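A closer look at the structure
Chain by chain, the residues run as shown.
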Amino acid sequence: MSETKGQKLAGELSYKKKNYFETANEAEKREIFSYAEGYKAFLDAAKTEREACAYAVSYAKKRGFTEYRLGDPVKAGDKKYFVNRGKSVVLFCVGGNNPEEDGFRIIASHIDAPRIDIKQNPLYEDSGMAFLKTHYYGGIKKYQWTAIPLALHGAVVLKDGKKIEISVGEKESDPVFYINDLLPHLGGDQMGGKANKIIEGEQLNVLVGGLPYDDKEVSEKIKLSVLSYLFEHYGMCEEDFLSAELSAVPAFRARDVGFDRALIGAYGHDDRVCAYPALTAVADQTGEHTVFAMLVDKEEIGSEGTTGIQSKVYEDLMEEVALALGANFRKVRAASKCLSSDVTAAYDPNFAGVYEKMNSAILSAGTAMCKFTGARGKSGSNDASAEFVGEVRKMFAEDGVVWQTAELGKVDAGGGGTVAKFVANLNIDTVDLGVPVISMHAPWEVVSKADLYSTYRAFLAFLK
Ligand code: MN
Ligand code: MN
């Protein structure tokens, strides 16, 4: 049967999203699956921003990057990594281009993820159990964090100033931790309540012990046995919690999802699923631009502080590189381009009511560009220009990148924002691009391997 004139015309004029698994050739399909293996290893090694930062540094070192400190000399051809307080890291390669004309190419993603932080005075015992009080970090559905195995990660600065790192719950032989929930038999009132109230912030107490210290004269025996364990293993006493940053994170490992292994389930895809492609693409690219991969902290709580993207340190770093190349930093910024790389919501047919399907990210249809984010009337969005979107679109077309555009959900359904606007405020053209996620901010989120690999391909095209 031959094509009719109308069918032919529709084929030429219409736009349709494509499933990347369907359009990829066999070699590309193998790449999609093998790239995912490296990503899963990264996820299991990097459950906090500190760990992601350390992973990125060792990854960079293995690929010939050397450390840069503010004030260091730098020249064309250098491959450097810059660590900010152990919680954010910037990889950069200094190219041979004229930075005033070509600017820098920047990929900005974040390595913090929603989690349950331990309070400063957390430890108590009650009714045969010892608990840690917590204060959650980022936007979570609190009820999702109960009744799952948790691991404890973080750093403690002891009285003498010595810093120790803690990671318990990841090894098969490690114990895990837990947040109690109510049995359904007694949950009648709870289940009738609003979902944001069925577990309240002050109920997110992490179960950490149950063995009484063997001494009749002691009043809080279980608490003491936890303290004695901490002292024995880390040299830490109760007061040391005051200068600690400990987080409870899901103890799950990254796993393939589905019979066909097309998808990956893991804790913290948001935003390590963009940070990993940023890291690998900047290490793999061989272009002439000066390129930066910024893996930043604190996005989930507003990009504030010394390690969030609003910190002056990232601007300082770029300025130093511009000056070292003898360029006017204002001109460099004006010519620079940035992909703000954060996840977006994948359309979920189970919750179709909150999405507008035509403009939602469809799973496996490639990395998703959000021209604007924000809430209601685009509030809080940088809203990239048609010119810049057109430029990026052309780069992707030239490299055969499978990609799509997306909005987070229905216009009035809610919204969100990310680091894009802060980079754009520096007078750098910026647009959001990242991996669509199912169940974003849940303890275990799902992404497509096709979208992960498409994001890496998009970054390579952009850095070229
Ligand atoms: Mn994010
Ligand atoms: Mn997020």
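Keep in mind the model is a prediction, meaning the values are calculated, not measured. Counting from 1, residues in each chain are numbered in the order their sequence is written. Chains and ligands are labelled sequentially in the order written, the chains with letters from A and the ligands with numbers from 1. Selection of residues for local features in this predicted model requires a pLDDT of at least 70, selection of side-chain atom pairs for listing and counting requires 80 or more, and totals for whole chains, interfaces and linings are taken over all residues. Side-chain descriptors were evaluated using all non-hydrogen atoms of the structure, hydrogens and water having been removed beforehand.

Looking at the packing of helix α3 (residues 26–45) against helix α13 (residues 449–463)
Only the contacting stretch of a helix is used when fitting its axis, a line to C-alpha atoms as for every element, and angles between N-to-C directions run 0 to 180 degrees. Strands are runs of DSSP state E lasting at least two residues, helices are runs of H or I lasting at least four, and both sets are numbered from the N terminus onward. Relative orientation of the contacting elements α3 and α13 amounts to 90°, with a least axis distance of 9 Å. As summarised for this structure, α3 and α13 are arranged roughly perpendicular, according to the angle between their axes. Contacts from Glu 28, Glu 31, Ile 32, Phe 33, Tyr 35, Ala 36, Glu 37 and Tyr 39 in α3 reach Lys 449, Ala 450, Leu 452, Tyr 453, Tyr 456 and Arg 457 in α13. The residue classification treats Ala, Val, Leu, Ile, Met, Phe, Trp, Tyr, Cys and Pro as nonpolar and Asp, Glu, Lys and Arg as charged. All others, Gly included, are polar. Classifying every residue of the contact of α3 with α13 gives 9 nonpolar, no polar and 5 charged. Should an angle fall under 35 degrees it is taken as roughly parallel, and over 145 as roughly antiparallel, whereas 65 to 115 is taken as roughly perpendicular and any remaining angle as oblique. Here, residues are in contact when the closest pair of their heavy atoms is within 4.5 Å.

Side note on the coordination of the manganese ion (ligand 1)
Protein ligation of the manganese ion (ligand 1) involves His 110 (NE2), Asp 270 (OD), Asp 342 (OD) and Asp 342 (OD), the donor distances falling in the range 2.1 to 2.5 Å. Note that water is not among the atoms used; donors are N, O and S atoms within 2.8 Å of the metal (3.2 Å for Na, K and Ca), so sites may look incomplete. All donors to the manganese ion (ligand 1) come from one chain, and their sequence spacing reads H-x159-D-x71-D. The distance between the manganese ion (ligand 1) and the manganese ion (ligand 2) is 3.3 Å, with Asp 270 acting as a donor to both metals. With Asp 270 in helix α8 (residues 269–284) and Asp 342 in the loop between β15 (337–340) and β16 (344–345), this pair connects stretches of sequence that are 72 residues apart. An identical accessibility class is assigned to Asp 270 and Asp 342; each is buried. Type-normalised accessible area, obtained with a 1.4 Å probe on protein chains alone, sets the label of each residue: buried when under 20%, exposed when over 50%, and partly exposed for intermediate values.

Describing the sheet that holds strand β23 (residues 445–448)
Two strands are counted as paired when DSSP detects at least two bridges linking them. Overall, antiparallel pairing links the 3 strands, which are arranged β12-β13-β23 in an open sheet. Edge positions in the sheet fall to β12 (255–257) and β23, since each has one partner strand and no second. When strand polarity is set aside, the average angle formed by the axes of neighbouring strands in this sheet is 35°. Pairing analysis gives 4 bridges linking strand β13 (residues 263–266) to β23, with the strands arranged antiparallel. Counted as the bridge partner of Gly 265 is Val 446 from β23. α13 rests against β12, β13 and β23 of the sheet, and its axis sits at about 65° to β23.

Focus on the domain arrangement of the protein
Here the limits of each domain have been adopted from an automatic or database domain assignment. We note that the domain assignment places domain 1 (15–113 + 267–463) and domain 2 (115–250) within the protein. Once you take the C-alpha centre of each, domain 1 and domain 2 turn out to be 33 Å apart. Domain 1 puts 16 residues into the contact, and the matching count from domain 2 is 16 residues. Here domain 1 and domain 2 share an interface that buries about 1400 Å² over both sides, 49% of which is from carbon and sulfur atoms. The quantity reported as buried area is the accessible area (1.4 Å probe) lost by two parts once they are put together, taken as the sum for both.

Focus: the packing of α3 against α8
Close contact between α3 and α8 brings their axes to 10 Å; oriented N to C, the two are set at 120°. If you check the angle between α3 and α8, you find them oblique. The way α3 lies across α8 gives a crossing that is right-handed. Residue-level contacts link Tyr 35, Gly 38, Tyr 39, Phe 42 and Leu 43 of α3 to His 269, Arg 272, Val 273, Tyr 276, Pro 277 and Thr 280 of α8. Along the lines of polarity and charge, the residues of the contact of α3 with α8 split into 7 nonpolar, 3 polar and 1 charged. Two helices crossing with the near one rotated counterclockwise from the far one by less than a right angle form a left-handed crossing, whereas a clockwise rotation gives a right-handed crossing.

Focus on the coordination of the manganese ion (ligand 2)
In the first shell of the manganese ion (ligand 2), the protein supplies Asp 270 (OD), Glu 300 (OE), Glu 300 (OE) and His 441 (NE2), at 2.0 to 2.5 Å from the metal. The sequence motif formed by the donor residues of the manganese ion (ligand 2) is D-x29-E-x140-H.

Brief notes about the nonpolar core
Working definition of a nonpolar core: buried Ala, Val, Leu, Ile, Met, Phe, Trp, Tyr and Cys residues. They are joined through side-chain atoms within 4.5 Å. The biggest cluster of nonpolar side chains holds 64 residues, and the ones touching the most others in it are Leu 91 and Phe 396. Within the second largest apolar cluster, 36 residues are counted, among which are Ala 113, Leu 123, Trp 145 and Leu 230.

As for the environment of Asp 270
Given the relative accessible area of 3%, Asp 270 is considered buried. Put simply, Asp 270 and Ala 113 are 157 residues apart on the chain and 6.3 Å apart in space, counted from C-alpha to C-alpha. For Asp 270, the contacting residues outside a window of four places in its chain are His 110, Asp 112, Ala 113, Pro 114, Glu 300, Asp 342, Val 343, Met 440, His 441 and Glu 445. Polar contacts, as used here, are pairs of N or O atoms within 3.5 Å; protein pairs need one atom able to donate a hydrogen and one able to accept it. Residues neighboring in sequence count only if both atoms are side-chain atoms. In this structure the side chain of Asp 270 is engaged in a polar contact, spanning 3.1 Å, whose partner is the side chain of His 110. Within polar-contact distance, the side chain of Asp 270 engages the side chain of His 441 at 2.8 Å.

Structural notes on unusual backbone geometry
The omega torsion of the bond from Asp 270 to Asp 271 falls at 15°, within 30 degrees of zero and hence cis. Its location among the elements puts Asp 271 in helix α8. With a phi close to 60°, Lys 378 is a non-glycine residue in the positive phi region. The residue Lys 378 is located in the loop between β18 (374–375) and α11 (386–398) in this model.

Some remarks on α11
In this model α11 runs 18 Å from its N-terminal to its C-terminal C-alpha over 13 residues, within 8% of the 18 Å that 1.5 Å per residue would give. What α11 keeps buried is the set Phe 388, Val 389, Val 392, Met 395 and Phe 396. Along the long axis of α11, the arc covered by the buried residues comes to 120°, so they all point the same way. Looking at α11, the residues exposed on the side facing more than 90 degrees away from the buried face are Ala 386, Glu 387, Arg 393, Lys 394, Ala 397 and Glu 398. Taken together, the buried residues of α11 touch β4 (104–110), β15, β17 (367–370), β19 (403–405), β21 (429–434) and α13. Looking one or two residues past α11, Gly 400 carries a phi angle of roughly 65°, positive in sign. Expected helix span is taken as 1.5 Å per residue step, with the number of steps being one fewer than the number of residues. Working note: the arc is built from the helix axis to C-beta atom directions.

Concerning the pattern of salt bridges
Throughout this description, the term salt bridge denotes a Lys or Arg side-chain nitrogen within 4 Å of a carboxyl oxygen of Asp or Glu. For the structure on display, the rule yields 28 salt bridges. In this structure, Glu 28 engages Arg 457 in a salt bridge whose closest nitrogen and oxygen atoms are separated by 2.8 Å. Here the residue Glu 28 occupies a position in helix α3, and Arg 457 occupies one in helix α13, the gap between them amounting to 429 residues. Relative accessible area serves as the criterion here: at 17%, Glu 28 is assigned to the buried category. Close ionic contact of Asp 44 with Arg 253 constitutes a salt bridge, the shortest N to O distance being 3.6 Å. Of this pair, Asp 44 sits in helix α3 while Arg 253 is found in the loop between β11 (244–250) and β12, placing the two residues 209 residues apart along the sequence. We classify Arg 253 as partly exposed; its relative accessible area is 43%.

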